[in-house]
Amino acid sequence: MARSTVLLCVLLFGLAVASNLRQKRQEEEGDADDQSVDELCENRPPDEYFRLSTEGDCRDVVRCTKSGIKQISCPSGLAFDVDKQTCDWKGKVNNCDRLEKPRKVLPILKTDEPVCPEGKLSCGNGECIDKELFCNDKFECKDQSDENACTVETDPNRAPDCDPNQCTLPDCFCSADGTRIPGAIEPNQVPQMITLTFNGAVNVDNIDLYEEIFNGLRQNPNGCQIRGTYFVSHKYTNYSAVQDLHRRGHEIGVFSLTHKDDPNYWTGGTYDDWLAEMAGARLIIERFANITDGSIIGMRAPYLRVGGNKQFEMMADQFFVYDASITAPLGRVPIWPYTLYFRMPHKCNGNAHNCPSRSHPVWEMVMNELDRRDDPTFDESLPGCHMVDSCSNIQTGEQFARLLRHNFNRHFNSNRAPLGLHFHASWLKSKKEFKDELIRFIEEMLDRNDVYFVTMLQVIQWMQNPTELTSLRDFQEWKEKCDVKGQPYCSLPNACPLTTRELPGETLRLFTCMECPNNYPWILDPTGDGFSAK
């Protein structure tokens, strides 16, 4: 009994000491806060977290709010990385000795009176340089501020806001908020287009899945088979299978040559990186899948890490028609695809915030986020998901079925913007019930007369020539690939065992109906002919 009393006394004394120390520290911090909140928060973005001290365990950070400074702490065992602005394992954080992420000097773009001659703008240090030198990936200001305000909203040479008088179909389409229907057609006369897209290598792991979904018996209301779009990555792809998908009327796009697993490689990629990765991947597909009709016109960035203006400059130069990597945040009304001549109509969502800020002659087949709530009438809001397999709460076939129908209704009952269902084949194969539910959904939709499963290119073709449902059975652009012609090019492809100096120690098989190349095609040698010019 006496021992428990002693323990209780010690505990109470400890709590009192801790309380006094905490109160004293809060008083000291309170004084510091009163003195310096204005200084600390001056010119600081409201979403930036920073440290008040480098002492302690690197878990505590604060940010500025209208009501003062708000503190958060990382869970035990983690530390706050001020560069990445997130909690991470303590061993991975190497900036605990810094209070804040480096402050970039911003140019002085808005002033009451002009401070520079016409056609010039002010660097952060007051130096005046030509407006077109801002955001060109070269430091022209002595303080380097000309490359620090280059977002879709701040780039001085950004694309202008949508002007429907200048932006007219078939070459240009935009609207202020992205929700307007092309051709001003009444929603009940718009076909609900659904795009099934698949990312990654096409090979023995997934060919059977594609055969089952697209079995030749499922037809759109115009009598043509349903079609999908494949964004193909190079390594492990069976090019004879890609050749047959193309023969059967599916669309082939590119998903990069190397599919490097460093997301920053894509976000910060140079023009030459994007050229080698995407034009190189297209060259390989055209050569080894024998696609000679110039139909590979679309691309998707690995990890959806958009490469900013550099990616889109390369696309325009290489005659890529569309990108399918930018996501639009979940909203009440979904967004239609748009061209990038004018400013994009939604926030740069995810994608490491490296959306193109300039004007580009490229279509953006925007990925509308899916609403993944189990019961949308009751559940609290959850962030949307862009790929179906990134909807991490979908664990059962029943949940997947609800996701498909709820998102179909969101699109169908509003502006009928195309519904994108984007997959990695491995997710659909991970549970038989996922594949079964997708097929059940497709068949249910095809029992209607207002739903079409189409490729990305077919969406653009409809948008360029908006046609009401009543006339769609004879819509010529969708009839072009209606019939499947011919037989598979070869029944037994070459299984070429190849190496390349770029991937030492690896022997890779290249399956193709074409002749085997000398080397395994890779980034410096996309034809596989070898490095030396012949």
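Here the structure is a predicted model, which is why all the values come from computation and not from measurement.

Definitions and limits used
- Within any chain, residue numbers begin from 1 and follow the written order of that chain's sequence.
- Where local features are concerned, this predicted model is filtered to residues with pLDDT of at least 70; where side-chain atom pairs are given and counted, the filter is 80 or more; whole-chain, interface and lining totals use all residues.
- Hydrogens and water molecules were not included; the side-chain quantities draw on all heavy atoms of the structure.
- Segments assigned H or I by DSSP are reported as helices when at least four residues long, segments assigned E as strands when at least two residues long, and all are numbered from the N terminus.
- The contact criterion used is simple: two residues touch if any of their non-hydrogen atoms lie within 4.5 Å.
- Polar contact criterion, stated in full: a pair of N or O atoms within 3.5 Å, where within protein one must be able to donate a hydrogen and the other to accept it, and residues adjacent in sequence count only if both atoms are side-chain atoms.
- Aromatic pairing here means that ring centres of Phe, Tyr or Trp (its six-membered ring) are within 6.5 Å. Orientation follows from the plane angle: under 30 degrees is stacked, over 60 is edge-to-face, and everything else is tilted.
- When accessible area is computed with a 1.4 Å probe and restricted to protein chains, residues below 20% of their type maximum are described as buried, those above 50% as exposed, and intermediate ones as partly exposed.
- Those domain boundaries reflect an automatic or database domain assignment.
- Note: buried area is the sum, over both parts, of the accessible area (probe 1.4 Å) each one loses when the two are combined.
- Each reported salt bridge corresponds to a side-chain nitrogen of Lys or Arg within 4 Å of a carboxyl oxygen of Asp or Glu.
- Lys, Arg, Asp and Glu make up the charged group, whereas Ala, Val, Leu, Ile, Met, Phe, Trp, Tyr, Cys and Pro make up the nonpolar group; the residues left over, Gly among them, are polar.
- Remark: nonpolar core denotes a set of buried residues (Ala, Val, Leu, Ile, Met, Phe, Trp, Tyr, Cys) joined through side-chain atoms within 4.5 Å.
- The rule for pairing is simple: two strands pair if DSSP sees at least two bridges between them.
- Classification remark: right-handed applies to a crossover when, strands pointing away from the viewer, the course from the first strand over the helix to the second runs clockwise.
- Buriedness of a pocket was judged along seven lines, with at least five required to meet protein on both sides within 12 Å; pockets are open sets of points on a 1 Å grid over the protein atoms alone, cavities are sets where a 1.4 Å probe fits but cannot get out, and lining residues have an atom within 4 Å of a point.
- Grid points are joined across faces, edges and corners, and a volume is the space filled by probe spheres set on the points.
- Residue-level confidence of the predictor, termed pLDDT, takes values from 0 up to 100.
- Just so you know, the count uses Lys and Arg for positive and Asp and Glu for negative, and it drops His and the chain ends.

Thoughts on the environment of Q85
(1) Moving on: Of note, Q85 is situated in the loop between strand 3 (78-81) and strand 4 (86-89).
(2) Moving on: Taking the C-alpha atoms as reference, Q85 lies 9.6 Å from E100; in sequence the two are 15 residues apart.
(3) Moving on: Excluding residues that lie within four positions of it along the chain, Q85 makes contacts with D47, E48, Y49, F80 and K101.
(4) Moving on: One polar contact links the side chain of Q85 to the main-chain amide nitrogen of Y49, over a distance of 2.7 Å.

Remarks on the packing of aromatic side chains
(1) Moving on: Across all of its chains, the model carries 21 aromatic pairs by this definition.
(2) Moving on: Consider the rings of W336 and W462, whose centres lie 5.8 Å apart with planes at 20°: the pair is stacked. Here W336 is found in the loop between strand 12 (327-328) and strand 13 (338-339), whereas its partner W462 is found in helix 10 (residues 456-464), with 126 residues between them in sequence. We note that W336, like W462, is buried.
(3) Moving on: Relative to W427, the ring of F400 lies with its centre 5.1 Å away and its plane at 85°, an arrangement referred to as edge-to-face. Pair noted here: F400 is in helix 7 (residues 397-412) and W427 is in helix 8 (residues 425-430), with a separation of 27 residues, a long-range link.

Some thoughts on the domain arrangement of the chain
(1) Moving on: Here the chain is described as being made up of domain 1 (42-92), domain 2 (105-158) and domain 3 (192-473).
(2) Moving on: Using C-alpha coordinates to define each centre, domain 2 is positioned 37 Å away from domain 3.
(3) Moving on: Roughly 700 Å² is buried in total at the junction of domain 2 and domain 3, and carbon and sulfur atoms are behind 47% of that figure.
(4) Moving on: Together, D137, V152 and E153 form the three largest contributors to the area buried by domain 2 at its contact with domain 3, with a combined 58%.
(5) Moving on: Connecting domain 2 to domain 3 are three salt bridges.
(6) Moving on: Put simply, E153 and R343 hold a salt bridge, and the shortest N to O gap is 3.9 Å.
(7) Moving on: Seen at the junction of domain 2 and domain 3, the total is five residue pairs in polar contact (both at pLDDT 80 or more).
(8) Moving on: A breakdown of the residues in the side of domain 2 that touches domain 3 according to their chemical character gives four nonpolar, three polar and four charged.

A look at the nonpolar core
(1) Moving on: Ranked by internal contacts, the top residues of the largest apolar core, which has 79 residues, are I285, F400, L421, F423, L428 and F453.
(2) Moving on: For this core, the element with the most residues is helix 9 (residues 432-446), which contributes seven residues.
(3) Moving on: With residues up to four places along the chain from it excluded, the contact list for F453 reads I194, L196, N220, I226, R227, F441, I442, M445 and L446.

Topic: the pairing of strand 8 (residues 229-232)
(1) Moving on: Side chains of strand 8 alternate between two faces, with T229 and F231 and Y230 and V232 buried alike.
(2) Moving on: The pairing of strand 8 with strand 9 (residues 251-254) spans four bridges and is parallel. Bridge assignment links F231 to a residue of strand 9, and that residue is G253.
(3) Moving on: As a crossover connection, the stretch from strand 8 through helix 3 (residues 239-247) into strand 9 is right-handed.

With respect to helix 6 (residues 308-317)
(1) Moving on: All of the buried residues along helix 6 are G308, N309, Q311, F312, M314 and M315.
(2) Moving on: Buried residues along helix 6 sit in contact with helix 5 (271-288), strand 10 (298-299), strand 11 (322-323) and strand 14 (363-364).
(3) Moving on: Positive phi appears at F319, one or two residues downstream of helix 6, with a value of about 60°.

Side note on empty space enclosed by the protein
(1) Moving on: Using the criterion set out here, one finds four cavities of 30 Å³ or more in the structure.
(2) Moving on: Taken as a whole, the largest cavity spans an internal volume of roughly 110 Å³.
(3) Moving on: Forming the boundary of the largest cavity are 13 residues, of which T195, M365, V366, P418 and G420 lie nearest the centre.
(4) Moving on: Examining the composition of the lining of the largest cavity, we find that three residues originate from one element, strand 16 (residues 419-423), more than from any other.
(5) Moving on: For the lining of the largest cavity, the per-class residue count stands at nine nonpolar, four polar and no charged.
(6) Moving on: Quantified by volume, the second largest cavity comes out at close to 60 Å³.
(7) Moving on: Among the residues forming the lining of the second largest cavity, the class breakdown is six nonpolar, four polar and two charged.

Observations concerning the confidence of the model for the chain
(1) Moving on: This prediction gives the chain a mean pLDDT of 90; 92% of its residues lie at or above 70.
(2) Moving on: Low pLDDT, under 50, characterises residues 1-35; the stretch is placed with zero contacts to residues that sit more than four places away or in other chains.

Describing the pattern of salt bridges
In a structure, side chains of opposite charge can pair up when their charged atoms sit close to one another.
(1) Moving on: Going through the model one piece at a time under the given rule, you end up with 27 salt bridges.
(2) Moving on: The closest approach of N and O atoms between K120 and D130, which form a salt bridge, is 3.0 Å. Of this pair, K120 sits in strand 5 (residues 120-122) while D130 sits in strand 6 (residues 128-130), placing them 10 residues apart in sequence.
(3) Moving on: Take K120: its relative accessible area is 33%, and that puts it in the partly exposed class.

Quick word on the side chain of D81
(1) Moving on: Within the secondary structure, D81 is located in strand 3.
(2) Moving on: Although D81 is buried, it makes no salt bridge; K84 carries the closest opposite charge, 4.4 Å away.
(3) Moving on: A polar contact is formed between the side chain of D81 and the backbone nitrogen of D83, at a distance of 2.9 Å.
(4) Moving on: In terms of polar contacts, D81 uses its side chain to reach the backbone amide nitrogen of K84, at 3.0 Å.
(5) Moving on: Other than its neighbours up to four places away in sequence, D81 contacts T86, V93 and N95.

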